[in-house]
Amino acid sequence: GDSVTQTEGLVTLTKGLPVMLNCTYQTTYSPFLFWYVQHLNEAPKLLLKSSTDNKRTEHQGFYATLHKSSSSFHLQKSSVQLSDSALYFCALSDGNNNNAPRFGAGTKLSVKP
Amino acid sequence: AQTIHQWPVAEIKAVGSPLSLGCTIKGKSSPNLYWYWQATGGTLQQLFYSITVGQVESVVQLNLSASRPKDDQFILSTEKLLLSHSGFYLCAWSLTGTSDYTFGSGTRLLVI
């Protein structure tokens, strides 16, 4: 069945450094990938989404490229800010599972001054 | 513009007591509706989904039930709460055939 893997449970960085949060997936269908961000005590919000192979998508300084050859959709930012501290979820929708994305375990990003 | 509203914002309930959580979507007709549960700091576990009024499919039950009495309303309930029901309950909606998927602000539940 479909699955999403986020290998890092916690990433701790100093403000101003670059970050990459890993996301790989498995599906037999045509994938639609998402990144959601959840700040403390808030609901998840959509950060990025893509279904186009090898095309970079960007929002709020974050970017990701869907690579179907490696089944990956890593999230990157060139310079993290304190306000980026949050829980980040990668999610996969293949249009088959009642349209609902399947979420990865999540990566907590903690940015220090 | 479409809005999604969840109620209550938070609840503290005793083990064995009943529970009813609500979700209303305004500004969209015939949305797909979903219930998710999240333990503190954990991943999002889909519980139920509904494509149309009166029809609800279970993904993971966790001794909970769901109903869709109106096109714009989705209810999550149980007659007897367990300690394990504590967590963050999120309602979400999407349109059939699209990838847009939006969460409500959630209900935080503590069972004691």
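Looking at the interface of chain B and chain A
Across the boundary between the two partners, chain B contributes 23 residues, which contact 19 residues of chain A. In this structure, the connection of chain B to chain A is made through 4 residue pairs in polar contact (both at pLDDT 80 or more). Those elements that provide at least two residues to the side of chain B that touches chain A are strand S4 (32-38), strand S5 (44-52), strand S9 (87-94) and strand S10 (101-103) of chain B. The element that contributes the greatest number of residues to the side of chain B that touches chain A is S4(B), accounting for 4 residues. Split into classes, the residues belonging to the side of chain B that touches chain A amount to 9 nonpolar, 12 polar and 2 charged.

Re the sheet that holds strand S9 (residues 75-77) of chain A
Residues and elements named next belong to chain A. Across the sheet, which stays open at both edges, the 4 strands sit in the order S3-S9-S8-S7 with antiparallel pairing between neighbours. Either end of the sheet is taken by a strand with one partner, and the two such strands are strand S3 (19-21) and strand S7 (56-59). Put simply, the sheet's adjacent strands are angled 20° from each other on average, direction ignored. Where S7 and strand S8 (residues 62-65) come together, 4 bridges link them in antiparallel fashion. Of the residues in S8, the one forming a bridge with glutamate 58 is tyrosine 63.

Points about the packing of aromatic side chains
Per the stated rule, a full pass over the model turns up 13 aromatic pairs over all chains. Their ring planes at 90° and their centres at 6.1 Å tell us that A:Phe89 and A:Phe103 sit as a pair that is edge-to-face. Here A:Phe89, found in strand S10 (residues 86-93), pairs with A:Phe103, found in strand S11 (residues 102-103); they are 14 residues apart in sequence, far enough to count as distant. On the basis of relative accessible area, A:Phe103 is assigned to the buried category, the value being 9%. The interplanar angle of 55° and the centroid separation of 6.0 Å between the aromatic rings of A:Phe103 and B:Phe103 together place this pair among those described as tilted. One end of the pair, A:Phe103, is in strand S11; the other, B:Phe103, is in strand S10, on a second chain. By relative accessible area, which is 8% here, B:Phe103 ends up buried.

Observations regarding unusual backbone geometry
A cis amide bond links B:Trp7 with the next residue in sequence, B:Pro8, at an omega value of -10°. Residue placement: B:Pro8 occurs in the loop between strand S1 (3-7) and strand S2 (10-13). Its identity as a non-glycine residue notwithstanding, A:Ser71 has a phi of 50°, on the positive side. Position of A:Ser71 among the secondary structure elements: in the loop between S8 and S9. Even without being glycine, B:Ser30 reaches a positive phi, approximately 50°. Secondary-structure assignment places B:Ser30 in the loop between strand S3 (19-26) and S4.

Rules and cut-offs
Residues numbered from 1 in each chain as written. Chains lettered and ligands numbered in written order. Predicted model: local features only at pLDDT ≥ 70, side-chain atom pairs only at ≥ 80, totals over all residues. Heavy atoms only, no water. Contact = heavy atoms within 4.5 Å. Polar contact = N/O pair within 3.5 Å; in protein donor to acceptor, adjacent residues only side chain to side chain. Helix = DSSP H or I, 4+ residues; strand = E, 2+ residues; numbered from the N terminus. Nonpolar A, V, L, I, M, F, W, Y, C, P; charged D, E, K, R; others polar. Pairing = 2+ DSSP bridges. Axes fitted to C-alpha atoms, helices over the stretch in contact; angles between N-to-C directions. Phe/Tyr/Trp six-rings, centres within 6.5 Å; stacked < 30°, edge-to-face > 60°. Buried < 20%, exposed > 50% of the residue type's maximum accessible area, 1.4 Å probe, protein only.

What is shown is where atoms sit, not what they do.
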